[in-house]
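Structural characterization, general
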Number of protein chains: 2
Amino acid sequence: MKRIKLRPGMARPGWDDPEDCRAVLKVLDRIGDKWTVMAVGALADGPMRFNAVLRLTGASHRMLTLTLRGLEAEGLVKRTAYATIPPKVEYELTRLGHSLIEPLQSIAAWAKRNRRAMETARAKFEAAKAE
Amino acid sequence: MKRIKLRPGMARPGWDDPEDCRAVLKVLDRIGDKWTVMAVGALADGPMRFNAVLRLTGASHRMLTLTLRGLEAEGLVKRTAYATIPPKVEYELTRLGHSLIEPLQSIAAWAKRNRRAMETARAKFEAAKAE
DNA sequence: CAGTATCCCGTCGGATACTG
DNA sequence: CAGTATCCGACGGGATACTG
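What you see is a predicted model; the values in this text were computed from it and never measured.

Notes on the sheet that holds strand E2 (residues 77-82) of chain A
Residue and element names in this part refer to chain A.
- Read from one edge of the open sheet, 3 strands run E1-E3-E2, paired in antiparallel fashion. This sheet does not close on itself; its edge strands, each paired only once, are strand E1 (48-49) and E2.
- As paired strands, E2 and strand E3 (residues 88-93) are joined by 6 bridges and run antiparallel to one another. Each bridged residue has a counterpart across the sheet, and for arginine 79 the counterpart in E3 is tyrosine 91.
- Sitting on the sheet, helix H2 (residues 34-43) touches E1, E2 and E3, and the angle it makes with E3 is about 95°.

Next comes the structure, spelled out in structure tokens:
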């Protein structure tokens, strides 16, 4: 998804409370992007080394580093470096990070339920505009 | 959020079932971006005209059009044009669109609960790296 | 009022190369 | 192996102008 930039002039959506809308957007900004979802998913099973996450997610070296830094900064992921040679760094979800899995699964469940509906709707839409 | 581009070489995260991971990413791609969240939020209360959504969301003319087109294509929003002069176009959430509010609120609830924790974590992180 | 088209700049993110 | 730095192409998205 596109990076979310918060700006002054905009109002709050009505489905949720007045001001916390900002918080929601901010959080979506953090957890809504592809690599974050993949990384959290990868780490859901337990601690994992950098390269393991790299392979599992398919992210580029660069993006995974940035993503993990972001998650670490926000307290969602714990980073543990072992001063061995070669270095070994393990990442794991914090309690906070784990708690994120539940809402993500809420989305996941919705996605699974409605994927077909969306696909057929899209097909119909495409067909209609090419009449 | 950043647009999500699905690519071949990548595996599924473990927190969720094997293949539907793609569906989740695809859905996040659609519903995870700023303007979609804003638009769905704006329409949650009921049908609304284009310009009303425009003002409420703070989106640019262009982006709102694109966003609404996307939502319409996916069957989340219904578009009704009245052939008056000047034209009047109303948008409203479909049943499918409404069902999306629930998972979004799941995220919203998480965001509200953990916003503080994330902020302090970030502050601590910033402080630590500037020691 | 709603929608489309064009321009254009910022930034996201992949590839590559270099360090500890 | 893990992380940082640099380069650079691609595209997201705002501003603007023009139609029905």
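Considerations on unusual backbone geometry
- Along the chain, Ile85(A) connects to Pro86(A) via a cis peptide bond; the corresponding omega equals 0°.
- Locating Pro86(A) in the fold gives a position in the loop between E2 and E3.

Description of the packing of H2(A) against helix H3 (residues 50-57) of chain A
Residues and elements named next belong to chain A.
- The interhelical angle for the contact between H2 and H3, taken along N-to-C directions, is 120°, at an axis separation of 9 Å. In terms of their interaxial angle, H2 and H3 are classed as oblique. Judged by the sense of rotation from one axis to the other, the crossing of H2 with H3 is right-handed. Contacts from Trp35, Met38, Ala39, Ala42 and Leu43 in H2 reach Val53, Leu56 and Thr57 in H3.
- Residue composition of the contact of H2 with H3, by class: 7 nonpolar, 1 polar and no charged.

Considerations on the pattern of salt bridges
- Taken as a whole, this structure holds 12 salt bridges over all chains when the rule is applied.
- The partner of Arg122(B) in a salt bridge is Glu126(B), with the nearest N and O atoms 2.9 Å apart. Placement of both Arg122(B) and Glu126(B) in helix H5 (residues 95-129) is noted, with a separation of 4 residues, approximately one turn of the helix.
- On the accessibility criterion, Arg122(B) (30% relative accessible area) is partly exposed.
- Ionic contacts of the salt-bridge type, sharing partners, join the residues Arg30(A), Glu74(A), Arg122(B), Glu126(B) and Lys129(B) into one network.

Things to note about helix H4 (residues 61-73) of chain B
Residue and element names in this part refer to chain B.
- The end-to-end C-alpha distance of H4, which contains 13 residues, comes to 18 Å, matching closely the 18 Å that a straight helix rising 1.5 Å per residue would cover.
- Among all positions of H4, only Leu64, Thr67, Leu68, Gly70, Leu71, Glu72 and Ala73 are buried.
- Downstream of H4 by one or two residues, glycine 75 has phi in the positive range, about 80°.

Considering the nonpolar core
- Counting residues in each nonpolar core, the largest one holds 71 residues, and the members touching the most others are Leu43(A) and Leu43(B).
- Non-local contacts of Leu43(A), meaning those with residues more than four positions away in its chain, are made with Met48(A), Val53(A), Leu68(A), Val77(A), Tyr91(A) and Leu93(A).

Concerning the confidence of the model for chain A
- Residues at a pLDDT of 70 or more form 83% of chain A, whose mean pLDDT is 85.
- Below pLDDT 50 for its whole length, residues 8-14 of chain A participates in 20 contacts with residues either more than four positions away or in separate chains.

Here's the deal with the sheet that holds strand E3 (residues 88-93) of chain B
- Overall, antiparallel pairing links the 3 strands, which are arranged E1-E3-E2 (chain B) in an open sheet. The open sheet has two edge strands, strand E1 (48-49) and strand E2 (77-82) of chain B, and neither has a second partner.

Here's the deal with the packing of aromatic side chains
- Per the stated rule, a full pass over the model turns up 2 aromatic pairs over all chains.
- On the basis of an interplanar angle of 50° and a centroid distance of 6.4 Å, the ring pair of Phe50(B) and Tyr91(B) is categorised as tilted. Here Tyr91(B) lies in strand E3 and Phe50(B) lies in helix H3 (residues 50-57), a separation of 41 residues in the sequence. Tyr91(B) carries the same exposure label as Phe50(B), and that label is buried.
- Positioned above the aromatic ring of Tyr82(A) is the side chain of Lys88(A), whose terminal nitrogen or guanidinium carbon lies 5.3 Å from the ring centre.

Quick look at the pairing of E3(B)
All names here are of chain B.
- Burial of the side chains of E3 is restricted to one face: Val89, Tyr91 and Leu93 are buried, whereas none of Lys88, Glu90 and Glu92 on the reverse face is.
- Direction of pairing for E1 relative to E3: antiparallel, over a ladder of 2 bridges. Bridge pairing links methionine 48 to tyrosine 91 in E3.

A word on the side chain of Thr36(B)
- Among the structural elements, Thr36(B) can be located in helix H2 (residues 34-43).
- Of the polar contacts made by the side chain of Thr36(B), one reaches the side chain of Asp33(B); its length is 2.4 Å.

Cut-offs applied
Residues numbered from 1 in each chain as written. Chains lettered and ligands numbered in written order. Predicted model: local features only at pLDDT ≥ 70, side-chain atom pairs only at ≥ 80, totals over all residues. Heavy atoms only, no water. Pairing = 2+ DSSP bridges. Helix = DSSP H or I, 4+ residues; strand = E, 2+ residues; numbered from the N terminus. Contact = heavy atoms within 4.5 Å. Axes fitted to C-alpha atoms, helices over the stretch in contact; angles between N-to-C directions. Parallel < 35°, antiparallel > 145°, perpendicular 65-115°, else oblique. Left-handed = near helix turned anticlockwise from the far one by under 90°. Nonpolar A, V, L, I, M, F, W, Y, C, P; charged D, E, K, R; others polar. Salt bridge = Lys/Arg side-chain N within 4 Å of Asp/Glu carboxyl O. Buried < 20%, exposed > 50% of the residue type's maximum accessible area, 1.4 Å probe, protein only. Expected span 1.5 Å × (residues − 1). Core = buried A, V, L, I, M, F, W, Y, C linked by side-chain atoms within 4.5 Å. pLDDT = per-residue confidence, 0-100. Phe/Tyr/Trp six-rings, centres within 6.5 Å; stacked < 30°, edge-to-face > 60°. Lys NZ or Arg CZ within 6 Å of the ring centre and 35° of its normal. Polar contact = N/O pair within 3.5 Å; in protein donor to acceptor, adjacent residues only side chain to side chain.

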